[in-house]
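Architecture at a glance
Given next are the chains, with one letter for each unit.
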Amino acid sequence: MSKDTCDVTCVHEDTVNRVKESLQHQEPLSVAHIFKALSDGTRLTIAYALLQEEELCVCDVANIVGSSTATASHHLRHLRKLGLARYRKQGKLAYYSLDDDHVKQIVQLAFTHQKEVKHRDDESS
């Protein structure tokens with residue numbers, strides 16, 4: 001069995017410096033919050049539902065995920081707070097949608113990747 005680490009230490013300084021320079025202009029911890037929010041199964045299910053239907057009211061979201069409206073609303077507020085969802089009120093109903101195409105792409109790519117990995121794993125079994 002081979003180890004999944006380098007057998008010797010060899011630092012490619014040009015590469016390391018280039019990446020470090022690039023990282024100085026990014027906010028990895030802020031981006032991590034997005035993935036942390038989507039790492040919750042209920043919130044990811046909600047995001048997928050919003051990807052499918054563009055916009056859903058809180059009552060519909062609660063029904064889809066099998067929760068109370070209070071719980072669904074809590075998750076939706078969390079997604080909105082992180083800039084992943086947006087909200088609008090129409091009369092007595094509160095509607096949510098994914099914030100923009102970037103969020104839609106993240107959710108779609110995650111599900112596409114999961115299917116590919118599962119297919120690859122099934123083939124290798």
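Look above for the structure.
Summary of the structure given here. (Residues numbered from 1 in each chain as written. Predicted model: local features only at pLDDT ≥ 70, side-chain atom pairs only at ≥ 80, totals over all residues. Heavy atoms only, no water.)

Things to note about the overall build of the chain
Convention followed: Helix and strand assignments follow DSSP, with helices taken as H or I runs no shorter than four residues and strands as E runs no shorter than two, numbered in order from the N terminus. Within these notes, the globule rule equals 2.2 Å times the number of residues to the 0.38 power, and the radius of gyration is based on C-alpha atoms. Think of it in three bands: residues with accessible area under 20% of the maximum for their type are buried, residues over 50% are exposed, and the middle band is partly exposed, with areas taken using a 1.4 Å probe on protein chains only. Per-residue and other accessible areas were derived by the Shrake-Rupley procedure at a 1.4 Å probe size, with only the shown protein chains allowed to occlude residues. Charged-residue counts in this description rest on Lys and Arg as positive and Asp and Glu as negative, His and the chain ends being excluded. Where a charge lies is defined by one atom per residue type, namely NZ (Lys), CZ (Arg), CG (Asp) and CD (Glu).
Regarding its fold elements, the chain presents six helices and three strands. In the chain, the succession of α and β elements from N to C terminus is α-α-α-β-α-α-β-β-α. Since a compact globule built from 125 residues should have a radius of gyration of about 14 Å, the 20 Å found for the chain marks it as more spread out than a globular shape. Counting only C-alpha atoms and orienting by the principal axes, one finds that the chain spans roughly 65 × 40 × 20 Å. Counting across all 125 residues of the chain, residues that qualify as buried make up 22%. Accessible area of the chain: about 9500 Å², with a carbon and sulfur share of 53%. Looking at the chain, you have 16 positive and 18 negative side-chain charges, and the mean spots of the two groups are 10 Å apart.

Re the side chain of S97
With respect to the element layout, S97 can be found in strand β3 (residues 93-98). You can call S97 buried: its relative accessible area is 12%.

Digging into the sheet that holds β3
Short version of the rule: Only when DSSP finds a minimum of two bridges between them are two strands counted as paired. Each axis is a line fitted through C-alpha atoms, taken for helices only over the stretch in contact, and angles between the N-to-C directions span 0 to 180 degrees.
With antiparallel pairing, three strands are arranged side by side in an open sheet as β1-β3-β2. Of all strands in the sheet, those bounded by a partner on one side alone are β1 (55-57) and β2 (85-90). Between one strand and the next, the sheet's axes are offset by a mean angle of 30°, whatever the strand orientation. Judged from the six bridges that link them, β2 and β3 form a sheet pairing that is antiparallel. What sits directly across from Y87, in β3, is Y96.

Observations regarding a nonpolar patch on the surface
Using the following cut-off: Like charges within 9 Å and nonpolar side chains (Val, Leu, Ile, Met, Phe, Trp, Tyr) within 5 Å are joined into patches, using only residues over 30% in relative accessible area that form no salt bridge. Whenever Lys or Arg places a side-chain nitrogen within 4 Å of a carboxyl oxygen from Asp or Glu, that contact is recorded as a salt bridge.
On the surface, V31, F35 and I106 cluster together into a nonpolar patch covering about 250 Å² of accessible area. With respect to the helices and strands, the residue I106 is situated in helix α6 (residues 101-124). A relative accessible area of 31% places I106 in the partly exposed class.

Section: the packing of aromatic side chains
Keep this limit in mind: Here is the rule: rings of Phe, Tyr and Trp (six-membered ring for Trp) pair when centre to centre is within 6.5 Å. Planes less than 30 degrees apart are stacked, more than 60 are edge-to-face, and the remainder are tilted. In this scheme, Lys NZ or Arg CZ marks a charge over a ring once it lies within 6 Å of the ring centre and within 35 degrees of the ring normal.
For the coordinates displayed, the defined rule picks out two aromatic pairs. Ring geometry for Y87 and Y96: centres 5.4 Å apart, planes at 50°, overall tilted. Residue placement shows R80 over the ring face of Y87; its charged tip is 4.8 Å from the ring centre.

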